Amino acid sequence: DIQMTQSPSSISVSLGDRFTITCRASQDIGNYLSWYQQKPEKSPKLMIYRATNLEDGVPSRFSGSRSGSDYSLTINSLESEDTGIYFCLQHKQYPRTFGGGTKLELK
Amino acid sequence: EVQLVESGGVLVQPGRSMKLSCAASGFTFSSFPMAWVRQAPTKGLEWVATISTSGGSTYYRDSVKGRFTISRDNAKSTLYLQMDSLRSEDTATYYCTTGYFDFWGPGTMVTVSS
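One structure accompanies this document, and this report is about it. (Residues numbered from 1 in each chain as written. Chains lettered and ligands numbered in written order. Predicted model: local features only at pLDDT ≥ 70, side-chain atom pairs only at ≥ 80, totals over all residues. Heavy atoms only, no water.)

What follows deals with the pattern of salt bridges. Scanning the entire structure with this criterion turns up eleven salt bridges over all chains. For Arg-61 of chain A, the salt bridge goes to Glu-79 of chain A, with nearest N and O atoms at 3.5 Å. With Arg-61 of chain A in the loop between β6 (53–54) and β7 (62–67) and Glu-79 of chain A in the loop between β8 (70–75) and β9 (84–90), this pair connects stretches of sequence that are 18 residues apart. Assessed through its relative accessible area of 13%, Arg-61 of chain A is described here as buried. By relative accessible area, Glu-79 of chain A is classed as partly exposed at 37%. We note a salt bridge from Asp-90 of chain B to Arg-67 of chain B, for which the minimum N-O separation is 2.8 Å. Of this pair, Asp-90 of chain B sits in the loop between β8 (78–83) and β9 (92–98) while Arg-67 of chain B sits in the loop between β6 (58–60) and β7 (68–73), and the two are 23 residues apart along the sequence. Both residues of the pair, Asp-90 of chain B and Arg-67 of chain B, count as buried. One salt-bridge network, in which partners are shared between bridges, spans Arg-38, Glu-46, Arg-61, Arg-67 and Asp-90 of chain B. (Salt bridge = Lys/Arg side-chain N within 4 Å of Asp/Glu carboxyl O. Helix = DSSP H or I, 4+ residues; strand = E, 2+ residues; numbered from the N terminus. Buried < 20%, exposed > 50% of the residue type's maximum accessible area, 1.4 Å probe, protein only.)

Glancing now at the pairing of strand β4 (residues 33–38) of chain A. All names here are of chain A. Of all six residues that make up β4, six are buried, and the element is covered over most of its length. Where burial is concerned, the two faces of β4 agree: the one with Leu-33, Trp-35 and Gln-37 and the one with Ser-34, Tyr-36 and Gln-38 are both buried. As paired elements, β4 and β9 share six bridges and run antiparallel to each other. By the bridge assignment for β9, Tyr-36 is matched with Phe-87. (Pairing = 2+ DSSP bridges.)

A common way to express how large an interface is: the accessible area buried when the components associate. On the chain B side, the residues contacting the 13 residues of chain A number 15 residues. Of the roughly 1300 Å² buried between chain A and chain B on both sides combined, carbon and sulfur atoms contribute 68%. Counting across the interface, chain A meets chain B through zero salt bridges. Taken together, the links from chain A to chain B amount to five residue pairs in polar contact (both at pLDDT 80 or more). Contributions of two or more residues to the side of chain A that touches chain B are made by β4 and β9 of chain A. (Contact = heavy atoms within 4.5 Å. Buried area = accessible area lost by both parts, 1.4 Å probe. Polar contact = N/O pair within 3.5 Å; in protein donor to acceptor, adjacent residues only side chain to side chain.)

Residue and element names in this part refer to chain A. The topology assignment puts Arg-18 in the loop between β2 (10–13) and β3 (19–25). Remark: the alpha-carbon pair of Arg-18 and Arg-61, spanning 43 residues in sequence, is separated by 9.2 Å. Residues in contact with Arg-18, not counting those within four places in the same chain, are Thr-74, Ile-75, Asn-76 and Ser-77. A polar contact of 2.8 Å, which involves the side chain of Arg-18, links it to the side chain of Asn-76.

Written as structure tokens, this is what we have:
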């Protein structure tokens, strides 16, 4: 199985700050990597697909990038609505596997 | 507007069975592979199963293989998950999603407990 190692597991960030979450894939997944935001008691919301593509309606302060087996989600200029838990997902190979999640809170 | 609405989640005893349904609308259901993803209370997301557009191919995580069956009715735009021999570790919110994981339903809670 492909392991997706996500870091950090939690982070406190100030409004207006820039921060980055990373997922490292244990095997090659190409660009078959998506990022999700989940609010309490809600279903996940797709933010980034195919590693670098912004989903329709997602603010442009979100971006995705790849460096080798490391995939990153960056939020420029954090806003209060960006709090929640973020997950990565690889859909290159079965079983599909998620990262462990990053809980983003306001400082 | 794409809509996925799960139903069927209840409290059930270990060893019993349950069937979840997901009604889809707002897109051409028969053109999309579909999947189930679950999330245990306060835990992360876990892929459960995927089915191809025709239903001819199915994929499962090891822990549910032989116990769960994913199926679909394209005429009714509905996805199903038959869950047999339920265990306490199957307790979770179950989400219906397209096979591309771009649209998700609100989820239905399954609790396995005596």
